[in-house]
Each structure stands twice: as structure tokens, then as C-alpha cells.
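Examining the three-dimensional arrangement
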Amino acid sequence: MADFDEPISDQEKVRIASDFILHAPPGEFNEVFNDVRLLVNNDTLLKEGASGAFAQYNKDQFTPCRIEGSEKQVLVTEHGDVGGSRFIDPRTKQTFKYDHLRKEASDLQPASIDETAEPWRAALESQFTAYTADHYKYGVCSVYGSSSAGQITLTTCIESHQFSPKNFWNGRWRSQWSVTFPESGGSCELTGVLKVQVHYYEDGNVQLVSQKEIKESLSVTTESQTAKNFVKIVSDAENEYQCAISENYQSMSSVTFKALRRQLPVTKTKIDWNKILGYKIGNELKNA
Amino acid sequence: MTEQQLDCALDLMRRLPPQQIEKNLSDLIDLVPSLCEDLLSSVDQPLKIARDKSVGKDYLLCDYNRDGDSYRSPWSNIYDPPLDDGAMPSDRLRRLEIDANSAFDQYREMYFEGGVSSVYLWDLDHGFAGVILIKKAGDGSKNIRGCWDSIHVVEVQEKSSGRSAHYKLTSTAMLWLQTNKVGSGTMNLGGSLTRQVEMDSTVNETSHPHIANIGKMVEDMENKIRNTLNEIYFGKTRDIVNGLRATIPLQDQKQQDALRNDLAAALQKRQTHT
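Below or above, wherever it landed, is the structure these notes cover. These numbers were taken from a predicted model, which means no experiment stands behind them.

Attention now goes to helix α1 (residues 2-15) of chain B. The first and last C-alpha atoms of α1 of chain B sit 20 Å apart over 14 residues, in line with the 20 Å expected at 1.5 Å per residue. When α1 of chain B is considered as a whole, its buried residues turn out to be Q5, L6, C8, A9, L12, M13 and R15 of chain B. Each element contacted by the buried residues of α1 of chain B is listed here: α1 (10-22), α2 (29-40), β10 (186-200) and β11 (204-220) of chain A together with α2 (21-31) and α3 (36-42) of chain B.

As C-alpha cells, then:
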């Protein structure tokens with residue numbers, strides 16, 4: 001911690017401001033940004049030093065974005081980052097400019113496609129779009145494909161959120177699944193990261209932060225069969241995670257919480273405070 | 001400007017993950033050093049425990065028993081590290097403080113069956129104020145780490161008649177639950193809820209001493225907060241998670257709902273015909 005006499009450097013201020021911004025709970029970026037803005041009290045410094053944090057936040061959060069002409073939203077993620085504040089929507093094969101503060105897309109341009117990866121990516125996108133509709137009422141998915149030196153990489157991102165600030169709560173689920181395989185196929189490693197964050201803040205601040213990393217083996221054959229295998233593994237793994245979370249909730253409430261503080265003393269009645277104080281007086285008399 | 005900045009700082013502490021309270025508070029103070037005093041006295045942090053070696057008992061640390069870098073033990077009334085002229089309660093107040101610590105020690109045992117408690121009092125112009133602290137850590141069974149922190153700040157304004165007083169209680173309960181298991185990865189459910197209550201009460205030495213009035217308020221408040229914590233932590237946040245993702249395919253759910261509605265309608269029809 002700095003001494004009161006020596007204020008911290010501008011660089012340190014920017015580090016702290018960026019850190020706060022990156023940790024804004026889902027749906028509360030604007031509120032956190034406004035708080036940070038007033039605390040830093042130096043708009044130029046904030047804009048110059050922390051604008052990287054705005055972009056990083058949106059990418060970390062798999063922020064969904066509407067684009068003109070498409071029924072389905074696209075996710076803003078690091079996998080879709082093509083530089084210059086532009087992102088790719090593999091579904092409509094376009095890139096768009098993204099305004100990280102306004103959270104709007106503009107300047108749609110056709111995107112160059114990786115022809116080698118595209119059949120695999122398209123098959124996977126078809127399966128995942130159905131899977132997302134099946135399990136995520138408010139979910140959006142984006143599927144990316146790329147190839148390099150005979151290896152194809154497919155990455156799927158799923159995002160689902162509910163924002164209810166009038167009721168003082170927000171929540172978001174994020175899934176990311178990835179596989180790299182040779183065109184010839186075989187048994188390959190599928191890695192996944194699942195993240196859940198919930199914030200409740202009526203007269204308080206309660207947050208659930210959970211994360212799980214998964215590794216499974218995926219059999220790669222045809223584009224269509226591989227996509228089906230991929231989604232089956234994901235479905236089982238995500239169900240398992242969600243059930244395990246529910247089980248933990250059960251244990252936390254019926255075992256852990258109960259053992260921390262009783263609802264009532266063993267006497268099953270509230271405390272007789274005069275009696276408690278009386279013991280003290282009683283003891284004093286005994287010792288007199 | 002500073003008051004607005006304090007509002008922003010407090011708003012930020014309500015939004016940033018409570019799992020990093022200490023780091024967030026430290027960064028905030030670095031960012032706006034002029035808010036240091038206000039922030040330390042208004043932001044609740046998980047309680048730290050210290051040992052009073054002279055009596056072999058633990059006590060809890062907070063801003064109210066701190067003077068510089070030293071903390072005063074409620075058992076021996078001595079600062080650690082020692083201070084020549086640390087802030088002390090008046091003799092009359094110290095006697096009340098001793099009784100309060102004894103009473104809440106029993107309260108703690110009856111509700112928490114373990115843990116540590118401490119009560120610190122300080123004088124006000126027409127009364128006194130105090131903080132009642134309780135900390136209880138779980139035993140780690142079911143591979144879940146749990147911890148409870150209570151911080152009750154009470155303000156007592158004695159009326160000139162001396163026969164009644166106005167009590168204002170601000171209570172914060174912090175609940176921390178963490179687990180790291182194969183099935184669920186890392187799961188961290190933590191934070192706090194705060195409530196306030198004010199009331200007037202009769203005061204006399206026999207049936208309504210201050211400690212009894214305060215005790216009843218704290219007990220009722222903590223019981224209420226315990227219920228709310230239960231609802232919010234294990235009800236509300238769980239429901240939110242299950243609203244984000246459905247384990248049963250939504251198509252099937254729609255079919256189930258449709259079937260349920262059909263059955264209900266058919267049953268209704270049958271009932272109206274009989």
C-alpha cells in the first residue's frame with residue numbers, strides 16, 4: 001500500500017482502473033466504468049491507458065452482438081478478433097467493426113474463409129446451433145474454424161445470460177470447447193472450459209463464481225459424424241457440471257451452512273437475556 | 001467531489017467480487033488516498049483473529065479496536081503491540097464492555113457452538129456505541145470450506161430521563177463457501193448482506209439493562225439475516241444458474257409442459273361434468 005504522502009504513479013492508477021473494469025460482474029460494465037471514471041478523475045489518462053481493458057472485458061465475457069441482416073447473434077471473443085477492432089462472424093461469413101463502449105457492430109464486410117476447415121466448421125455449427133437452442137433459452141453460439149500445416153482447429157463458444165438489475169441480480173454462463181486434429185482424423189483431445197458467474201446485490205453483495213476445465217477424447221471421422229460426437233461429449237460434460245453444482249448447493253445448505261450457525265439454540269427457544277446476565281451476577285455473589 | 005467519490009467507491013465494493021474484498025479495498029485506497037479513513041470504517045471485511053497470550057483467548061480485529069497498528073483485546077483490555085496512550089473506553093464503559101463480552105460469549109456458544117466473539121464499546125456524547133463481532137469457521141466436511149462473519153454496529157442514544165433509550169443497529173453477515181471437486185471444478189459462493197433496524201426501549205438495571213435490549217435486537221436481526229442468507233445463497237443464486245442452462249432439452253420441457261396442461265384441462269373437464 002502506498003504512503004499517504006506519496007501518491008501512486010499514473011501507471012499504477014491505470015493498472016488498478018483496468019483491473020476493476022475487467023472484474024465487472026456480467027451486465028454491470030457501465031456502472032463499474034462510471035464508478036472508476038469518477039475515482040480516477042482523469043478522463044484522458046483513463047481513455048489512453050484503460051481502453052484495452054474495455055475490449056478485453058467484452059472478449060472475456062463472450063459478449064453477444066446483433067448484426068444487420070442476420071437473425072442470429074454473434075459472439076465477441078478472442079477467437080473472432082481479426083485486429084483493428086474488427087471481429088468475424090463465421091456464420092454469415094462477414095467481419096464487422098465493434099464499438100466496445102457502445103457495444104454495437106458496424107461496417108460489415110465479407111470475410112475470407114478457410115476452405116480446408118470450413119466443411120468441418122459448418123457441420124459443427126449446425127449441431128451446436130441446435131444444441132444451444134435445446135439447452136440455453138437465452139443462449140448464443142459462435143463456431144470458429146482454422147487450419148495450419150495440415151491441422152484443423154475448431155473452437156465453439158456458447159454464451160447465455162440473464163440481466164435483471166431491477167431485481168438486483170445478473171448471471172452469465174460461458175462455455176468454450178476446442179479441438180485440433182489432422183485432416184486424416186483419429187482420436188484427438190477435446191478441451192473445454194466452463195464458467196458461471198451470478199451476482200445478487202439487494203442490500204448486499206453475493207456472488208457465485210465457478211469454473212471447470214475438462215479434457216475428453218474425441219473420435220474424428222467424417223465432418224458430420226465428428227460434429228455429432230463433439231456435441232454429445234459437450235452435452236454430457238455440461239450436464240454433469242450443472243448437476244455437480246446442484247449437488248454442491250444441496251451439501252452447502254444442508255451440511256455446511258447448518259453447522260455454521262443454528263436456527264435456534266438446543267433449547268429450541270430464543271435466549272433469555274436476563275438469565276444470561278444473571279449468571280454473571282450469580283457468579284460474582286458466589287465469589288464474594 | 002469527495003462525497004461523490006465515496007459513493008462511487010462504495011458502489012464499486014457492492015459490485016466487485018466479494019471474494020477479493022481485501023485486494024479491492026487496498027487498490028481503492030491507493031487510487032483515492034483521501035478516502036482511506038471513510039473506506040476503512042464503512043467497508044466490512046472478513047474478520048481476522050488474534051491471540052491474547054496473557055489470558056489464552058482469541059479475539060477479533062476491526063477498525064473499532066484499532067489504534068495505529070495495534071489492536072486492543074476485549075479480555076485483557078491491553079493493546080498488542082503495546083501502546084502508551086492507546087484509545088481506551090472510560091471505566092464505566094469498560095465495566096459494561098466486560099459484561100457485554102461475557103453475555104455475547106454465551107450467545108455465541110448457544111447459536112454457533114464454537115467460533116470467536118468480541119465486543120468493543122466507545123463513548124458518544126449522549127450515550128455510547130459498540131460493535132459485536134462473531135467469526136465461525138466450518139470443519140471442512142464434504143470437502144466444503146465455510147466461514148461466517150457477523151459485524152453488528154449499535155448506537156445507543158440515552159434519553160435525558162434515563163428511563164429509555166434509542167437503539168440503532170446495522171448488521172452485516174458475511175458467508176463464505178468454497179469447494180474444489182472433480183465434478184464441479186472450483187465453486188466459490190460468497191459475500192454479505194446488510195440490514196438496519198431502529199427502536200426505542202425501556203432501560204432499567206433489573207429487567208431492561210442495555211445489554212439485554214441490545215442482545216435481543218442482535219439475536220432477532222441475526223436470525224432474520226440467517227434466513228435471508230439461506231434463501232439468497234441456496235435458493236436465488238441456484239435458480240439463476242438453472243435459468244441460464246437447462247439440463248433437460250427445452251423441446252422436451254415444452255412437451256412436458258404441454259402434456260401437463262392437457263392433463264389439467266382434461267381433469268377440469270371431468271370435474272365440471274361430475
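Our next topic: the sheet that holds β10 of chain A. The antiparallel open sheet is built from 10 strands, whose spatial order is β7(A)-β8(A)-β9(A)-β10(A)-β11(A)-β10(B)-β9(B)-β8(B)-β7(B)-β6(B). Edge positions in the sheet fall to β7 (139-148) of chain A together with β6 (116-124) of chain B, since each of these pairs with one other strand and no more. Adjacent strand axes in the sheet meet at a mean angle of 10°, parallel and antiparallel pairs treated alike. Of the strand pairs in this sheet, strand β8 (residues 151-164) of chain A and strand β9 (residues 169-182) of chain A are connected by 14 bridges, and their pairing is antiparallel. By the bridge assignment for β9 of chain A, F163 of chain A is matched with N170 of chain A. Here helix α4 (residues 91-112) of chain B sits on the sheet and contacts β6, β7 (127-137) and β8 (144-158) of chain B; the angle it forms with β6 of chain B, its principal contact strand, is near 150°.

Here we come to the state of the cysteines. In the structure shown here, the tally under the stated rule is zero disulfides over all chains. Cysteine C36 of chain B shares no disulfide, and the gap to the nearest cysteine sulfur, in C62 of chain B, comes to 15 Å.

Here we take up the pattern of salt bridges. One pass over the full model with this rule turns up 33 salt bridges over all chains. As a salt-bridge pair, D27 of chain B and R15 of chain A come within 3.4 Å of each other at their nearest N and O atoms. Taken together, the positions of D27 of chain B in helix α2 and R15 of chain A in helix α1 put the pair across two chains. Owing to a relative accessible area of 6%, D27 of chain B belongs among the buried residues under this scheme.

A separate point is the interface of chain A and chain B. The interface of chain A with chain B comprises 86 residues on the first partner and 97 residues on the second. Carbon and sulfur atoms supply 63% of the area buried between chain A and chain B, which totals about 8,300 Å² over both sides. At the boundary of chain A and chain B, one finds eight salt bridges. With a closest N to O distance of 3.4 Å, E238 of chain A and R245 of chain B form a salt bridge. At the surface where chain A touches chain B, the tally comes to 46 residue pairs in polar contact (both at pLDDT 80 or more). For the side of chain A that touches chain B, the element with the highest residue contribution is helix α5 (residues 223-260) of chain A, accounting for 21 residues.

What counts and what doesn't
Residues numbered from 1 in each chain as written. Chains lettered and ligands numbered in written order. Predicted model: local features only at pLDDT ≥ 70, side-chain atom pairs only at ≥ 80, totals over all residues. Heavy atoms only, no water. Helix = DSSP H or I, 4+ residues; strand = E, 2+ residues; numbered from the N terminus. Expected span 1.5 Å × (residues − 1). Buried < 20%, exposed > 50% of the residue type's maximum accessible area, 1.4 Å probe, protein only. Contact = heavy atoms within 4.5 Å. Pairing = 2+ DSSP bridges. Axes fitted to C-alpha atoms, helices over the stretch in contact; angles between N-to-C directions. Disulfide = S-S within 2.5 Å. Salt bridge = Lys/Arg side-chain N within 4 Å of Asp/Glu carboxyl O. Buried area = accessible area lost by both parts, 1.4 Å probe. Polar contact = N/O pair within 3.5 Å; in protein donor to acceptor, adjacent residues only side chain to side chain.

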